[in-house]
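Reading the structure
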Amino acid sequence: MQIEETVLPGVLVLTPRRFGDDRGFFSETYNRDALAEVGVETVFVQDNHSVSEHVGTVRGLHFQAPPRAQDKLVRCGRGRLFDVAVDIRVGSPTYGRWFGVELTFENGRQLLIPAGFAHGFVTRAPGTEVIYKCSDTYAPESEGAIRFDDPTIGIDWGLDDMTARLSERDAGAPLLAGLQSPFVYRGQA
C-alpha cells in the first residue's frame, strides 16, 4: 500500500496495490498492520455506503464532536468524487486549511481523515458510490457541520457554473467563523 502525507498533518492518501488479470483485479483496501507501521492506530467500528445519483451533489462538511469523534477512511466504489478534509482543531497551525483529492474506482485512492477535521465531498460522475470506515458509530447528538462554500476556507469544488445539490442541513450550516469547534490541537496529529 502506498501511503502519502498531505499538507494537513495526519490526513493521508492511501493507494492500495491492485493485482489484476483478464478476470479483473484483487485489492486489499484496508490493512491495520500497514497503517500501524506509519503510526495510524485507528480501530474502525462502522462501514458506511452512500450513493449520489447526480453530478454536483455535495455532502458536508461534517464532523462528530468528542467523545464520539470519528476518524474516517474514504474510498470510491463507483464513479468519481472530490474528497475534502478541513482542519477545525482550535490552535492548529493549519486551522481552516483544506486538502482535497479525487477518488475514483479506477485510481483506487483513499483518504484517511482523523478526528478534528471536517469532511465533505462533491460528486463528479452520476451514480457515485462512496464507501467509508468510521472509528465510532453514528451519534446524531454529536454531529456538526460547516458551510461547504465558506469563502474564508476557499475550497475549489470544481463546480464551475453548476449549482451544488445540497441537503437542507448542509445549506444551513454555519460558516467556520461561527463554529465553536469542540476540537483542540494537541501537537502532531
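Residues numbered from 1 in each chain as written. Predicted model: local features only at pLDDT ≥ 70, side-chain atom pairs only at ≥ 80, totals over all residues. Heavy atoms only, no water.

Considerations on the overall build of the protein chain
To keep things clear, this is the line we draw: Under the DSSP-based scheme used, a helix requires at least four consecutive residues in state H or I and a strand at least two consecutive residues in state E, with every element numbered from the N terminus. C-alpha atoms define the radius of gyration, and 2.2 Å times the number of residues to the power 0.38 defines the globule rule. Burial classes: relative accessible area under 20% of the type maximum marks a residue as buried, over 50% as exposed, and values in between as partly exposed (1.4 Å probe, protein chains only). Any two residues whose heavy atoms approach within 4.5 Å at even a single point are treated as in contact. For every accessible area listed, the method is Shrake-Rupley and the probe measures 1.4 Å; residues are considered covered only by the protein chains on display. When charges are counted, neither His nor the chain ends are considered; positive counts come from Lys and Arg and negative counts from Asp and Glu. In plain terms, the charge of a residue is placed at NZ if it is Lys, CZ if Arg, CG if Asp and CD if Glu.
Helices and strands together make up the secondary structure of the protein chain, namely two helices and 15 strands. Here the C-alpha atoms of the protein chain give a radius of gyration of 16 Å, agreeing with the 16 Å that 2.2 N^0.38 yields for 189 residues. On the principal axes, the C-alpha backbone points of the protein chain span a range of 55 × 40 × 30 Å. With 189 residues in all, the protein chain has 47% of them scored as buried. By sequence separation, contacts in the protein chain at least 24 residues apart represent 80% of the contacts at least 6 residues apart. Of the roughly 9,800 Å² of accessible surface on the protein chain, 49% is carried by carbon and sulfur atoms. Averaged over its 19 positive side-chain charges, the protein chain has a centre that lies 1 Å from the centre of its 26 negative ones.

Side note on the sheet that holds strand 6 (residues 58-64)
Cut-off, in case you're wondering: DSSP calls a pair of strands paired once it identifies at least 2 bridges connecting them. Note on definitions: angles span 0 to 180 degrees between N-to-C directions of axes, and those axes are lines fitted to C-alpha atoms, for helices only across the stretch in contact.
Reading across from one edge, 10-8-12-6-14 is the order of the five strands in this open sheet, with antiparallel pairing throughout. The strands lining the two open edges of the sheet, one partner per strand, are strand 10 (98-104) and strand 14 (143-145). Neighbour-to-neighbour, the strand axes of the sheet open up by a mean angle of 25°, direction not taken into account. Where strand 6 and strand 14 come together, three bridges link them in antiparallel fashion. Bridging from a neighbouring strand, Phe63 pairs with Gly144 of strand 14.

Brief notes about the nonpolar core
Put simply, the rule is: Buried residues of nine kinds, namely Ala, Val, Leu, Ile, Met, Phe, Trp, Tyr and Cys, make up a nonpolar core once their side-chain atoms join them within 4.5 Å.
In this structure, Leu61, Val86, Ile88, Ile146 and Trp157 are the most contacted members of the largest nonpolar core, which totals 19 residues. Contributions of two or more residues to this core are made by strand 6, strand 8 (80-87) and strand 12 (117-123). Leaving out residues up to four positions away in the same chain, Ile146 has contacts with Gly60, Leu61, Val86, Ile88, Ala118, Ile153, Ala173, Pro174, Leu176 and Leu179. Among the nonpolar cores identified, the runner-up in size contains 17 residues, and Val74, Phe99, Val130 and Tyr132 belong to it.

Regarding a nonpolar patch on the surface
Convention followed: Residues enter a patch when their relative accessible area is above 30% and they make no salt bridge; the linking distance is 9 Å between like charges and 5 Å between nonpolar side chains (Val, Leu, Ile, Met, Phe, Trp, Tyr). A side-chain nitrogen of Lys or Arg and a carboxyl oxygen of Asp or Glu constitute a salt bridge if their distance falls within 4 Å.
Taken together, Val90, Tyr95 and Val184 make up a surface patch of nonpolar side chains, about 240 Å² in accessible area. As for its placement among the helices and strands, Val184 is situated in strand 15 (residues 183-184). Judged by its relative accessible area of 46%, Val184 falls in the partly exposed class.

Some remarks on the sheet that holds strand 7 (residues 72-78)
Spatial ordering of the open sheet is given by 1-2-11-7-13-5, a layout of six strands whose pairing is antiparallel. Here the strands that pair on one side only, and so sit at the sheet edges, are strand 1 (2-5) and strand 5 (46-52). The average angle at which neighbouring strand axes cross in this sheet is 25°, direction not considered. Relative to strand 11 (residues 110-113), strand 7 runs antiparallel, the two being bridged by four bridges. The partner of Lys72 across the bridge, within strand 11, is Ile113.

Observations concerning the environment of Arg89
Within the secondary structure layout, Arg89 lies in strand 9 (residues 89-90). Residues Arg89 and Val184, 95 residues apart in the sequence, show an inter-C-alpha distance of 4.8 Å.

Description of the packing of aromatic side chains
Basically, it comes down to this: Between the rings of Phe, Tyr and Trp (Trp by its six-membered ring), a pair exists once the centres lie within 6.5 Å; its type follows the angle of the planes, with under 30 degrees stacked, over 60 edge-to-face, and the other angles tilted.
For the coordinates displayed, the defined rule picks out five aromatic pairs. Aromatic pair Phe25 and Phe105: ring centres 5.8 Å apart, planes at 45°, arrangement tilted. Linking Phe25 in strand 4 (residues 24-27) with Phe105 in the loop between strand 10 and strand 11, this pair joins segments that are 80 residues apart in sequence. With a centroid separation of 5.9 Å and 75° between ring planes, the pair formed by Phe63 and Phe183 is classed as edge-to-face.

Examining the side chain of Thr42
Under the convention used in this document: Any N or O atom pair separated by 3.5 Å or less is treated as a polar contact, with the protein-specific requirement of one donor-capable and one acceptor-capable atom, and with residues adjacent in sequence counted only for side-chain atom pairs.
Tracing the backbone through its elements, the reader meets Thr42 in the loop between helix 1 (32-36) and strand 5. At a separation of 2.7 Å, a polar atom in the side chain of Thr42 contacts the side chain of Asp71. Among all residues touching Thr42, those that are not within four sequence positions of it are Tyr30, Asp71 and Ser135.

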